[in-house]
Amino acid sequence: MESLESWFLEMKDVFILCFIDDNRWEWLVEGFINSIIITLLAIVIGLFFGIVLAAIRSSYDKNEESLKLRGGAGYVLLKALNGIAKVYITVIRGIPVVVQLMLWYFVILVSQDNDILVAIVAFGFNSAAYVAEIFRGGIMSIDNGQFEAGRSLGFNYVQTMIYIVLPQTIKATLPTLLNEIIALLKETSVAGYVGIMDLTKAGDLIRGRTFEAFMPLIAVAIIYLVTVIVLTKVFSVIERRLRKSER
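Presented here is a report on the structure given in the accompanying data block. (Residues numbered from 1 in each chain as written. Predicted model: local features only at pLDDT ≥ 70, side-chain atom pairs only at ≥ 80, totals over all residues. Heavy atoms only, no water.)

## Observations regarding the environment of Arg24
- Summarising the element assignment, Arg24 is placed in the loop between α1 (2–20) and α2 (25–70).
- Overall, Arg24 belongs to the buried group, its relative accessible area being 9%.
- Separated by 182 residues in sequence, Arg24 and Ile206 have C-alpha atoms that sit 6.9 Å apart.
- Apart from residues no more than four positions distant in its own chain, Arg24 is found in contact with Leu17, Cys18, Phe19, Ile206, Arg209 and Thr210.
- Separated by 3.1 Å, the side chains of Arg24 and Asp22 make a polar contact. (Helix = DSSP H or I, 4+ residues; strand = E, 2+ residues; numbered from the N terminus. Buried < 20%, exposed > 50% of the residue type's maximum accessible area, 1.4 Å probe, protein only. Contact = heavy atoms within 4.5 Å. Polar contact = N/O pair within 3.5 Å; in protein donor to acceptor, adjacent residues only side chain to side chain.)

## What to know about the environment of Pro175
- Counting through the fold element by element, Pro175 comes out in helix α7 (residues 157–187).
- When its relative accessible area of 34% is taken as the criterion, Pro175 is described as partly exposed.
- Separated by 120 residues in sequence, Pro175 and Ala55 have C-alpha atoms that sit 20 Å apart.

## Observations concerning the nonpolar core
- The biggest cluster of nonpolar side chains holds 41 residues, and the ones touching the most others in it are Phe19, Leu28, Leu101 and Phe123.
- Counting eleven residues, the second-largest nonpolar core is a separate cluster that includes Phe135, Ile139, Ile142 and Leu166. (Core = buried A, V, L, I, M, F, W, Y, C linked by side-chain atoms within 4.5 Å.)

## Observations regarding the packing of helix α4 (residues 97–108) against helix α5 (residues 115–141)
- Following both chains from N to C, one finds α4 and α5 inclined at 135°, their axes separated by 9 Å at the closest point. Between α4 and α5, the angle is such that the two are oblique. For the pair α4 and α5, the sense of crossing is right-handed. Residues Val97, Gln100, Leu101, Trp104 and Tyr105 of α4 pack against Asp115, Val118, Ala119, Val121, Ala122, Phe123, Phe125 and Asn126 of α5.
- Residue composition of the contact of α4 with α5, grouped by class: ten nonpolar, two polar and one charged. (Axes fitted to C-alpha atoms, helices over the stretch in contact; angles between N-to-C directions. Parallel < 35°, antiparallel > 145°, perpendicular 65-115°, else oblique. Left-handed = near helix turned anticlockwise from the far one by under 90°. Nonpolar A, V, L, I, M, F, W, Y, C, P; charged D, E, K, R; others polar.)

## A closer look at α4
- For α4, the set of buried residues is Val97, Val98, Gln100, Leu101, Trp104 and Tyr105. Summarising the axial view, the buried residues of α4 lie within an arc of 165°, below the 170-degree limit, and thus occupy one face.
- Those residues of α4 that are buried lie in contact with α3 (73–94), α5 and α7.
- Where α4 terminates, the next one or two residues include Val110, which has phi positive at roughly 45°. (Arc of directions from axis to C-beta.)

## Digging into the packing of aromatic side chains
- Per the counting criterion, the structure on display carries six aromatic pairs.
- Seen from their ring centres, Phe48 and Phe49 are 5.1 Å apart, and the 85° between their planes marks the pair as edge-to-face.
- A relative accessible area of 53% means that Phe48 is categorised as exposed.
- Take Phe49: its relative accessible area is 33%, and that puts it in the partly exposed class.
- Between Tyr105 and Phe106 the ring centres are 4.9 Å apart and the planes differ by 85°, which places this aromatic pair in the edge-to-face class.
- Of the residues examined, Tyr105 reaches a relative accessible area of 5% and is grouped as buried.
- Take Phe106: its relative accessible area is 43%, and that puts it in the partly exposed class.
- Three or more aromatic residues joined by ring pairs form one cluster here, namely Phe48, Phe49, Trp104 and Phe125. (Phe/Tyr/Trp six-rings, centres within 6.5 Å; stacked < 30°, edge-to-face > 60°.)

Quick look at the structure:
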């Protein structure tokens, strides 16, 4: 009993040292806010460019034969764009995200003032490659009859994609998109490599100042876990509502 009581007292002292002294808990709050900002804005960039890349890739894959027979500038342009998209996706998926982040920070943008903006751009363009493949798979799974139905309603190809195909694709790929958002949130933990105060960096700073590793790192792990659970719950609610709207 005494040993248990002394353990609790020791943990209390460590808690005060790690979080209360010098208001170190504020570092975790700042780091968490920065991680959320980077994740949310990066996924917006990733969704926008990912959908564009997916539309290019799937349009080429679905219409390659007919476009080839027709020939002309349209086929050449789409083939070139498809080639660029394939190279981009291959390169981005083949290079570790931390290397991409450092390239953006130290080579491409060379910015020491807007480090969070650099992280948003780096993670956003990284996410775009994965989102593109998610949406491409979703678009390719849509029956060609949907495209024909759009044409019969008087829509052109772009309008058919926007109003008919993409809404169905989003519903079909929502669980995979959730996984991408969760992965992106956890990938932001490498932002500290370029000096950004993200959640993981905050925990590491507390560890470096207090020489206590257990409590700050456990706190970081719990915050990530709770955030992922909340995201999963939110997406499950959205998914249920989308399923109900289909009935």
